[in-house]
Amino acid sequence: MLGARSIHYVLIAATLAAISLAGPGALALDFSRAEPDEHLSGGATTYTKTINRNAFSHAANNLSFEDELNFKVGNGVFRKIWVSAPASTKSSDGLGPIFNAKSCQRCHLKDGRGHPPSGNWPDDTAVSMFLRLSIPPQSDADRARLAAREINVVAEPTYGTQLQDFAIQGHKAEGRMHIDYADFDVDLAGGEKATLRRPSYRVDAPGYGPLHPQVQLSPRVAPQMIGLGLLEIIAADDILANADEQDANNDGISGKPNWSRDSGTDELQLGRFGWKAGMPTMDKQNQSAFAGDIGLSTPLSPYPAGDCTRAQALCQNAPHGAKISEGELEVNQELTDLVLFYTRHLAVPARRDVDDANVLAGKKLFHEARCAACHVPSFTTQVRADLPALSGQKIWPYTDLLLHDMGEGLADNRPEGDASGREWRTPPLWGIGLTKVVSGHEQLLHDGRARGLLEAVLWHGGEAQASRDAVVAMSPQDRKHLIQFLESL
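Overview of the structure.

Procedures and definitions
Residues numbered from 1 in each chain as written. Predicted model: local features only at pLDDT ≥ 70, side-chain atom pairs only at ≥ 80, totals over all residues. Heavy atoms only, no water. Pairing = 2+ DSSP bridges. Helix = DSSP H or I, 4+ residues; strand = E, 2+ residues; numbered from the N terminus. Salt bridge = Lys/Arg side-chain N within 4 Å of Asp/Glu carboxyl O. Buried < 20%, exposed > 50% of the residue type's maximum accessible area, 1.4 Å probe, protein only. Disulfide = S-S within 2.5 Å.

### Here we look at the pairing of strand E4 (residues 176-188)
Logical step 1: Pairing of E4 with strand E5 (residues 192-204) involves 13 bridges; the strand directions are antiparallel. When the sheet's bridge partners are listed, aspartate 183 is paired in E5 with arginine 197.
Logical step 2: Where E4 folds back on E5, the antiparallel hairpin that results is connected by 3 residues, among which glycine 190 adopts a positive phi of roughly 85 degrees.

Structural data, given as structure tokens:
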């Protein structure tokens, strides 16, 4: 006899089979009204109550009481402030010796989007933004490791793969990120004008000697945290169905996957997370952040000195909060599992105004400009017995999770795995209209250069050039409707 949960999974499987038989083109879009349950961006997990600054910090709406408790405990670990070792607070020591933040929450404040500093050091501490570092391959061995996906980048030999701009007492920070902006104007149809700012980056006050002459710098703003568990269980085949690396259909869109080798099984996995889709799972993403951002050892990153390199002897030999010889870690499996549960189950807020005439007009313009070719509106998640709340959900993330050439204007010229220096993963758009409510700003893109949705669109190039040009050519009223649609997401 089937139990209630078994019956639930049978019904989900039957529904998915029916969707598969119907085919993706079975329903033509009707822009005169919203689609069924379009407002439920995360399906049954969607947060549907009051929208305020905490809108990104709620648990999936369909969690059991027991799972809500696990979510809250995981949130506590996510917010925990770590301190340097040795400390009387044994369960919280191990910070650094070099780091970017003292907790996960410091970068992902209110589980929202980070931002570039308002000024350069010492006027701003840039907690929610940092620089990735790497160098081109220097040897056949480097090239072989990259080809085998053993590594996605070659680390800068002195400073590693990330610039840590803070250090515990008695140690030097690795350096300070410095940003300069140059403004330029873009003329829009209807007599309007937009001003964009082009950033340039350098490292000031390097603490451990000069950087490699071929160093590649890439800025990273902390992304919002909502809906990540749903993205993780979209079937790989559903994502790969949108890949067209050689542009076989000649539509100018050639999304491609990024691949990463799993630390445990050594198998190649589809990248889904990070600005260049370099991370295949939330667990690996979380544990890499514990190690690189906070300097803590974890089951997947057991090295107790975080991102310290062999060139940083004092850093490597500093006291830490782990007893490696006894199998102890600063962040053990129990803690990483709690954070994993929390980050997987942060709910996406419901959309607003989905039936508003202006929003529907903007949605039509979004599709006509072919924005949906990369920002794919919806998927249905797989059925996973270990993730019942996330299973079989029709979701509306507006992403294909693939890499696209975004043109020279957005290029960081730093390859990462299969991603070139001009390619970026399509970021999900769900929740983007609540950025100002949750995070207190509207600074968008991987480095926060765009000060609003229109600026973000105008930075699109490469495969998105035609869509960007279509927006430039729109009447002021149509551009307003397009932005209203994006603000509803």
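### Some remarks on the pattern of salt bridges
Logical step 1: Within the structure shown, the criterion is met by 25 salt bridges.
Logical step 2: Between glutamate 38 and arginine 351 there is a salt bridge whose closest N-O contact spans 2.8 Å. A residue pair is termed long-range when its members are at least 10 positions apart, and glutamate 38 in the loop between helix H1 (4-22) and helix H2 (65-79) and arginine 351 in the loop between helix H9 (333-344) and helix H10 (357-368) qualify at 313 residues. As far as the burial class goes, glutamate 38 and arginine 351 line up, both buried.
Logical step 3: Residue aspartate 187 pairs with lysine 193 through a salt bridge whose shortest N-O separation is 2.7 Å. For the pair formed by aspartate 187 and lysine 193, the shared burial category is exposed.
Logical step 4: Overlapping salt bridges bring together Arg220, Lys276, Asp412, Arg414 and Glu416 as one network.

### Looking at the state of the cysteines
Logical step 1: Counting across every chain of the model gives 1 disulfide.
Logical step 2: The residue that forms a disulfide with cysteine 308 is cysteine 315, at a sulfur-sulfur distance of 1.6 Å. Like cysteine 315, cysteine 308 is buried.
Logical step 3: Left unpaired, cysteine 107 is separated from the closest cysteine sulfur, that of cysteine 104, by 8.4 Å.
Logical step 4: Note on cysteine 371: no disulfide assigned, nearest cysteine sulfur contributed by cysteine 374 at a separation of 8.8 Å.

Shape is all these values report; function is a separate question.
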